[in-house]
Amino acid sequence: MSIIGGNNGSFNGPIFHEFKKQASFFLKEKIKTTRLVLTDVTPAQLLTEEATNGNPDEPDADDLNTISRAAFEVDDYYRIVEILHKRLVRFVLGNWRASYKALIVLEHLLTHGPKRVADEFQCDVDVITEMESFQYIDDKGYNWGLNVRNKSGRVLDLLEKGPRLKQEKDKASKIIRAIQGFGSFCLETPSDKEILQECDSEFKKQASFFLKEKIKTARLALTDVTPAQLLTKEATNGNPGVPNAYNLNTISRAAFIADDYCRIVEILHKRLARFVLGNWRASYKALIVLEHLLTHGPERVADEFQRDIDVIAEMESFQHIDDKGYNWGLNMRNKSERVLDLLEKGPFLEQERDKARKITSKIQGFGSFCLKTSSEPEILQECNSEFKKEASFFLEEKIKTARLALTDVTPAQLLTEEATNGNPGEPDAHKLNTISMAAFEVDGYYRIVEIIHKRLVRFVLENWRASYKALIVLEHLLTHGPESVADEFERDIDVIKEMERFQHIDDKGYNWGLSVRKKSERVLNLLEKGPILKQERDKARKITRGIQGSDNFCLETSSSKQEILQECNSNFKKQASFFIKEKIKTARLALTDVTPAQLLAEEATNGSPGGPDAHNLKTITSAAFEVDDYYRIVDILHKRLVSFTLGNWRASYKALMVLEHLLTHGPERVAEEFQCDIDVITKMESFQHIDDKGYNWGLNVKKKSRTVLDILEKETLLKQERDEARKITREIQGFGNLCFETSSEQEILQECNLEFKKQSSSFLKEKIKSARLALTDVTRAQLLTEEATNGKPGGPDAHNLKTISKAAFEGDDYYRIVDILHKRLVSFVLGNWRASYKALIVLEHLLTHGPERVADEFQCDLDVITEMKSFQHTDDKGYNWGLNVRKKSERVLNLLEKGPLLKQEREIQGFGSSGVKSSSEQEIPQECNPELTHHKNQNETTVIETKTEKPVIIPTNPKMEKKLSIKSSSTSLEYSKQNVVPDELNEGICDSKPLLAGQKNEPVIKTPMALNRKCDPIVYEVICWW
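Residues numbered from 1 in each chain as written. Predicted model: local features only at pLDDT ≥ 70, side-chain atom pairs only at ≥ 80, totals over all residues. Heavy atoms only, no water.

## Regarding the overall build of the protein
In terms of regular secondary structure, the protein is built from 47 helices and eight strands. Scored against the burial criterion, the 1026 residues of the protein give a buried share of 45%. If you sum the accessible surface of the protein, you get close to 56,900 Å²; carbon and sulfur atoms cover 53% of it. (Helix = DSSP H or I, 4+ residues; strand = E, 2+ residues; numbered from the N terminus. Buried < 20%, exposed > 50% of the residue type's maximum accessible area, 1.4 Å probe, protein only. Areas by Shrake-Rupley, 256 points an atom, 1.4 Å probe, with all protein chains shown as cover.)

## Here we look at the packing of helix 14 (residues 258-273) against helix 15 (residues 280-296)
Two elements in contact, helix 14 and helix 15, have axes separated by 8 Å at closest approach and are oriented at 140°. The angle between helix 14 and helix 15 places the two elements in the oblique class. By crossing handedness, the relation of helix 14 to helix 15 is classed as left-handed. Along its contact with helix 14, which presents Ile264, Leu268, Arg271 and Leu272, the element helix 15 presents Ala282, Ser283, Ala286, Leu287, Val289, Leu290 and Leu293. Considered class by class, the residues forming the contact of helix 14 with helix 15 number nine nonpolar, one polar and one charged. (Axes fitted to C-alpha atoms, helices over the stretch in contact; angles between N-to-C directions. Parallel < 35°, antiparallel > 145°, perpendicular 65-115°, else oblique. Left-handed = near helix turned anticlockwise from the far one by under 90°. Contact = heavy atoms within 4.5 Å. Nonpolar A, V, L, I, M, F, W, Y, C, P; charged D, E, K, R; others polar.)

## Some points on the packing of aromatic side chains
All told, the structure shown has 28 aromatic pairs when counted by the stated rule. Each ring, one from tyrosine 77 and one from tyrosine 78, has its centre 5.4 Å from the other, and the planes form 80°; the classification is edge-to-face. On the basis of relative accessible area, tyrosine 78 is assigned to the partly exposed category, the value being 46%. With a centroid separation of 5.4 Å and an interplanar angle of 35°, the aromatic rings of tryptophan 833 and phenylalanine 871 are classed as tilted. Taken together, the residues span a long stretch of sequence, with tryptophan 833 in helix 42 (residues 833-849) and phenylalanine 871 in the loop between helix 44 (862-868) and helix 45 (881-896) at a distance of 38 residues. Grouping residues by exposure puts tryptophan 833 and phenylalanine 871 together as buried. These aromatic residues form a ring-pair network of at least three members: Trp96, Tyr100, Phe134, Tyr136, Tyr142 and Trp144. Over the ring of tyrosine 77 we find arginine 116; its NZ or CZ atom is 4.0 Å from the centre of that ring. (Phe/Tyr/Trp six-rings, centres within 6.5 Å; stacked < 30°, edge-to-face > 60°. Lys NZ or Arg CZ within 6 Å of the ring centre and 35° of its normal.)

## Structural notes on empty space enclosed by the protein
Applying the stated criterion across every chain yields a total of two cavities of 30 Å³ or more. Space inside the second largest cavity adds up to approximately 30 Å³. Every residue along the wall of the second largest cavity is listed here: Asn55, Pro56, Asp57, Glu58, Arg97, Tyr100, Lys101 and Trp144. Ranked by the residues each element gives to the lining of the second largest cavity, the list is headed by helix 5 (residues 96-112), at three residues. Counted by class, the lining of the second largest cavity contains three nonpolar, one polar and four charged residues. (1 Å grid on protein atoms, 1.4 Å probe; cavity = no way out; pocket = protein on both sides within 12 Å on 5 of 7 lines; lining within 4 Å. Points joined across faces, edges and corners; volume = space filled by probe spheres on them.)

## Things to note about the pattern of salt bridges
A full pass over the atoms with the stated rule returns 41 salt bridges. For aspartate 628, the salt bridge goes to arginine 632, with nearest N and O atoms at 3.0 Å. On the criterion of helical spacing, the pair formed by aspartate 628 and arginine 632 is a turn pair, its members being four residues apart in helix 32 (residues 627-642). Arginine 632 shares its class with aspartate 628; the two are buried. With a shortest N-O distance of 3.3 Å, arginine 891 and glutamate 905 are connected by a salt bridge. A residue pair is termed long-range when its members are at least 10 positions apart, and arginine 891 in helix 45 and glutamate 905 in helix 46 (residues 900-909) qualify at 14 residues. Here the residues in one salt-bridge network are Glu107, Lys151, Arg154, Asp157, Arg164 and Glu168, joined through shared partners. (Salt bridge = Lys/Arg side-chain N within 4 Å of Asp/Glu carboxyl O.)

## Digging into the confidence of the model for the protein
Considering every residue of the protein, the mean pLDDT works out to 75; 70% of them sit at 70 or more. The secondary-structure element of the protein with the lowest mean pLDDT is strand 8 (residues 1023-1025), recorded at 33, while helix 15 shows the highest, at 92. Contacts from residues 548-559, a stretch scored under 50 in pLDDT, to residues over four places away or in other chains number 27 contacts. When the criterion is pLDDT under 50, residues 733-745 qualifies, and its contacts beyond four places in sequence or with other chains add up to 24 contacts. (pLDDT = per-residue confidence, 0-100.)

## Things to note about the environment of aspartate 76
Looking at the element boundaries, aspartate 76 is found in helix 4 (residues 74-89). Spatially, the C-alpha atom of aspartate 76 lies 7.3 Å from that of threonine 42, the residues being 34 residues apart in sequence. Other than its neighbours up to four places away in sequence, aspartate 76 contacts Thr42, Ala44 and Ala70.

## Notes on the side chain of histidine 108
With respect to the helices and strands, histidine 108 occurs in helix 5. The class of histidine 108 is buried, set by a relative accessible area of 12%. When neighbours within four sequence positions are excluded, histidine 108 is seen to be in contact with Leu64, Asn65, Ser68 and Gly113.

## Points about the nonpolar core
Proteins that are soluble and globular tend to have nonpolar side chains buried together. If you look at the biggest cluster of nonpolar residues, it comprises 39 residues, and the most contacted ones within it are Ile633, Leu641, Leu659, Leu663, Phe674, Ile681 and Leu712. Contributions of two or more residues to this core are made by helix 30 (596-604), helix 31 (614-623), helix 32, helix 33 (649-665), helix 34 (670-673), helix 35 (678-683) and helix 36 (697-713). The element best represented in this core is helix 33, accounting for nine residues. Isoleucine 681 has contacts with Leu641, Leu656, Leu659, Ser705, Val708, Leu709 and Leu712, leaving out every residue within four places of it along the chain. (Core = buried A, V, L, I, M, F, W, Y, C linked by side-chain atoms within 4.5 Å.)

## Structural notes on unusual backbone geometry
Here the phi dihedral of aspartate 57 falls at roughly 80°; this positive angle occurs in a residue that is not glycine. Structurally, aspartate 57 can be placed in the loop between helix 2 (43-51) and helix 3 (61-70). The backbone of lysine 345 shows a phi angle near 60°, a positive value even though the residue is not glycine. By the element assignment, lysine 345 lies in the loop between helix 18 (328-343) and helix 19 (347-362).

## Side note on the side chain of serine 515
By the element assignment, serine 515 lies in helix 27 (residues 512-527). Excluding its chain neighbours within four sequence positions, the residues that come into contact with serine 515 are Tyr468 and Tyr510.

## Focus: helix 15
For helix 15, built from 17 residues, the straight-helix expectation of 24 Å at 1.5 Å per residue is met to within 8% by its first-to-last C-alpha distance of 24 Å. Along helix 15, 16 of the 17 residues are buried, which leaves the element largely enclosed by surrounding structure. (Expected span 1.5 Å × (residues − 1).)

## Here we look at the environment of glutamate 58
Looking at where glutamate 58 falls in the secondary structure, it is placed in the loop between helix 2 and helix 3. Distance in space between the C-alpha atoms of glutamate 58 and tyrosine 100 is 9.0 Å, their sequence separation being 42 residues. Aside from chain neighbours lying at most four places away, what touches glutamate 58 is Tyr100, Lys101, Ile104 and Trp144.

## Considering the packing of helix 30 against helix 32
At a minimum axis separation of 9 Å, helix 30 and helix 32 run at an interaxial angle of 20°. Classified by the interaxial angle, the pair formed by helix 30 and helix 32 is roughly parallel. Helix 32 is crossed by helix 30, and the crossing has right-handed handedness. Taken together, the residues of helix 32 that come into contact with helix 30 (itself represented by Ala597, Gln598, Ala601 and Glu602) are Asp629, Arg632, Ile633, Ile636 and Arg640. Among the residues forming the contact of helix 30 with helix 32, the class breakdown is four nonpolar, one polar and four charged.

## Topic: a negative patch on the surface
Side chains of Glu316, Glu337, Asp341 and Glu344 sit close together on the surface and give a patch of like negative charge. With respect to the helices, strands and loops of the structure, glutamate 337 is situated in helix 18. (Patch = residues over 30% accessible without salt bridge, like charges linked within 9 Å, V, L, I, M, F, W, Y side chains within 5 Å. Lys, Arg positive; Asp, Glu negative; His and termini not counted. Charge placed at Lys NZ, Arg CZ, Asp CG, Glu CD.)

## Some words on the environment of leucine 699
The topology assignment puts leucine 699 in helix 36. A relative accessible area of 37% places leucine 699 in the partly exposed class. For the pair formed by leucine 699 and phenylalanine 687, sequence separation is twelve residues and the distance between their alpha carbons is 7.8 Å.

The structure is reproduced here in structure tokens:
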């Protein structure tokens, strides 16, 4: 049987290939996460490595923008530059693709990144010059050599640091200002010096605080660091500012814990040593922490830092005054002098500790409550001794826990690795028993055997201790484990024979060579599979019976040993297949789109002997009332029934059993669903098959197929069977589907089935969207644009248009949206007129509400849009879609001319709801409480007069359905459907009743309650109709 491959049982099916793709992606993400947590790499560094690897596909715009922004951070800058240097040098080594992608990233950095990039890569000019002569055409005929030559020529022009580089950086700056949030916001124009300085300052202050907190949390969870260790590192880093009192108190309290003490002390030693390397700020902050530890922490701190006296003495001559005139040198000299006085361990230290102790006792919770008196040195010595013993064990346990959580290892695998490592000491009896018991599990067996094979081979590599310990474990497995162990290690006999000549005496005079020779000789005798092996296993079995639970309970007794052993080995083989199947099921559930109900239906209708049990049938029928699971179950049953003609009768027979249960217990539409399979089920009535034991399976298949056909063809019989199932269900609580209707529940079932049909399409679409968001690089705005411009009937609504226009102000979303619209417009030529028409609607909204550069972006599509002006189409209902397309294309073409019409539309719309205000709205106040009156003018138009100091806020009014015109003494604004009206109209000043045909209606003006300010009048003419 194969559940991944095709029907032939191979692993070449499309599902398996998709599985392999997802597995590789999942593994890469795990490795990236692990590297971020456990190593010194940064997200920008990983992104640059990924963007310049040797794989096909060029780095996308989002990655380039992220890298260029990260390059403004000092640490990330050097990491990015180092990667690019290495990638360019690899061109000489033949890895042209990585070098080409490095050129793409370098070009973007030159135009969007820091200015010093051009100086940084002057050393690579020779390598890039060599690329100008690169020649390569791939198997599909694509000329990659031309691309590399063009890109290298462009980069060389930029590296000359002439007017070309300045022009390109200016151009990038303008584009960035037009599209807010795109690229690196730190690119400066000649008039932006102050903005750049402020931006850089803010950029350095924030310093990826969120990322640091995430990394700290991950390090605490997955590595061996402690909160006190992280706090000490943060308190003594090279950033401006000094550690606060709370952090100092926390560190001093933690120093009384043996583990934290050694970690804190180690950090301070490193920080003080860095003073010689010029990192004075970290050393100064370390002095502050050290001073607090000397007065509030353990007494042994003074002894611990005697070796740092020379470094601290150098700090007494430190001189430094910063740009603001602050004398840091004086602070450093004072602090170092005070610390040196404390390190002398004289009366001054005792006085300061007494003083701190008194303050601590007065202020509860301040400082360290563990301050030692003179009678406590013994406790500290004992604590330090215990700390040293536990240190190694603690670290090993942390690593083991992390491996169990993040990798595929098992406890037995870890135990075997530990029992056969190269450390002194032999594995104890408990570990050997645990390993031998785990070897009776299929997964554990293969993992244990693999480790022992590797350990034995290492003897050749002079790792004799690990090989010797592997012999001990192997000896125990041969006498206490599965019989197959002796066959498994036949291939290692040569290596074990070499161990018989081993000679080694350690420094203490112990003859390890003799122990290895004896053990190897004994294992070789057991591997001969003669009487010695049988005698040793019988002996182990007797000891096992005498000591209950000491070893594996599956070892047979002398009286019935043969039967028990055969049963044990048979059980071992059964577990193998089950284990592999469970692993595959778990992997499919985690990495693919299958559901538990789908897997259960596949298992219940496979070709293996044995039919589906009652519990599985109930679970499948219950799941069939869910839209997604319904279609998955039905699809499996269709395939199983069809497979009858291909000779897989057992799967078809089991599918009949599941189908019968669904017809009587599942949704009503099942009967209609399987009308198409009546011919196949009819063929089963003539099936003949008697197995080797004489059982007539053909008779069973004929009976089951006849029953299913009767239910499918006779509505009365179907109703009777469902009623009978319903009665049984009511009698046996919890059986079958609880939604079965009684005679009074017919309406409920009909409503349930109707809702079921409605949800099906929506559910499937949402599942696909969620999967794409989770597993691919798409964004929500990209999915929304695809949905708004698909080829289905119905146009994009106002909410979606506003969301898309707002997203277009983000650099990444802008390019994704524009790319989709380009493709949709081009598809008009291919006959997909509806998608092109909806793309015109979105494009029109972007031109009036989105970034200004949209008009430039779509100049290349003028020809396609011009073709739409001649489009003709009338649908089956007589609706003239051609007229709509022609009008919309004409309007978009007028906007793309970038003339007064575009400017006028953008001023009127005010950039929609994107949050971008027009010039006339910049000074509108947040609140106003005007006094309003109304009257009729000469044209019988209602006039609202308001007295206020400043213009009134004009917010969006969703109640407005057609048109509103507002005029004042200073402005004249036209607002179309669903735009703005005075806030007071929203609150009930302008009310209107629904109109009948032919009636007219004037706005009814109400006076607000809170009108009390006397201001200069501004008159608005309000014309509103519904």
